[in-house]
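Chain by chain, the residues run as shown.
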Amino acid sequence: MMRMMGVLVLIPASALLTASFFVLFALERVKEAGLKNFGKVVAVVLLVVSVLLYAKGIYTIATGSCPMMESKSPMCGMGMGMGKHEMMEKGMMGKGMSK
């Protein structure tokens, strides 16, 4: 299931790369230096975010685990990630497993 989430992350990353291409393409027609600089900054930010998303997707595909789901914060992963200790306290692990 987690590996599929890694594949799905590649879709928005590809959309960001496409958007950065069109930003750079539109910059060729702009004459003002300030607007060109702003467009370059926007394109770089889009590229960096897409690279981070690709890296996250590849990590999730390779390992099969998602760090967001393993987080203990209620904001990250919606509190789904429980460590072994929390699972033992709630009785979610079998009695044959050790701490």
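Okay, so let's go over this structure. It should be emphasised that the depicted structure is a prediction, and the values quoted were computed from it without experimental measurement. (Residues numbered from 1 in each chain as written. Predicted model: local features only at pLDDT ≥ 70, side-chain atom pairs only at ≥ 80, totals over all residues. Heavy atoms only, no water.)

**Some words on the overall build of the chain**
- Per the secondary structure count, the chain includes four helices and zero strands.
- Reading the helices (α) and strands (β) of the chain from amino to carboxyl end gives α-α-α-α.
- Within the span of the chain, comprising 99 residues, buried residues form 18% of the whole.
- Intrachain contacts of the chain at a sequence separation of at least 6 include 48% that bridge at least 24 residues.
- Total accessible area on the chain is roughly 7400 Å²; 73% of this is exposed by carbon and sulfur atoms. (Helix = DSSP H or I, 4+ residues; strand = E, 2+ residues; numbered from the N terminus. Buried < 20%, exposed > 50% of the residue type's maximum accessible area, 1.4 Å probe, protein only. Contact = heavy atoms within 4.5 Å. Areas by Shrake-Rupley, 256 points an atom, 1.4 Å probe, with all protein chains shown as cover.)

**Description of the environment of alanine 62**
- Tracing the backbone shows alanine 62 in helix α2 (residues 33-63).
- Its relative accessible area of 59% is what places alanine 62 among the exposed residues.
- Between the C-alpha atoms of alanine 62 and glycine 6, which are 56 residues apart in sequence, the distance is 8.8 Å.

**So, the side chain of serine 50**
- Inspection of the secondary structure puts serine 50 in helix α2.
- For serine 50, a relative accessible area of 1% puts it in the buried group.
- When neighbours within four sequence positions are excluded, serine 50 is seen to be in contact with Ala13, Leu16 and Leu17.

**Section: helix α1 (residues 2-27)**
- Taking 1.5 Å of rise per residue, the 26 residues of α1 would be expected to cover 38 Å, and the 39 Å separating its terminal C-alpha atoms lies within 8% of that figure.
- Burial in α1 covers these residues: Gly6, Ala13, Ser20 and Leu27.
- In this fold, the buried residues of α1 make contact with α2. (Expected span 1.5 Å × (residues − 1).)

**Remarks on α2**
- Its 31 residues give α2 an end-to-end C-alpha distance of 45 Å, which sits within 8% of 45 Å, the value for a rise of 1.5 Å per residue.
- Taken together, the buried positions of α2 are Gly39, Ala43, Leu46, Ser50, Gly57 and Thr60.
- Against α1 lie the buried residues of α2.
- The first or second residue beyond α2 is glycine 64, which carries a positive phi of 80°.

**Brief notes about the side chain of serine 20**
- Counting through the fold element by element, serine 20 comes out in helix α1.
- Within the local environment of serine 20, its side chain forms a polar contact with the backbone oxygen of leucine 17, the two atoms lying 2.8 Å apart.
- In this structure serine 20 touches Ala43, Leu46 and Leu47, once residues within four positions along its chain are discounted. (Polar contact = N/O pair within 3.5 Å; in protein donor to acceptor, adjacent residues only side chain to side chain.)

**Examining the packing of aromatic side chains**
- Throughout the structure, instances matching the rule amount to two aromatic pairs.
- Relative to phenylalanine 25, the ring of phenylalanine 21 has its centre 6.2 Å away and its plane inclined at 20°; by these criteria the two rings are stacked. Taken together, the positions of phenylalanine 21 and phenylalanine 25, both in helix α1 and four residues apart, correspond to about one turn of that helix.
- Using a relative accessible area of 43% as the deciding quantity, one classes phenylalanine 25 as partly exposed. (Phe/Tyr/Trp six-rings, centres within 6.5 Å; stacked < 30°, edge-to-face > 60°.)

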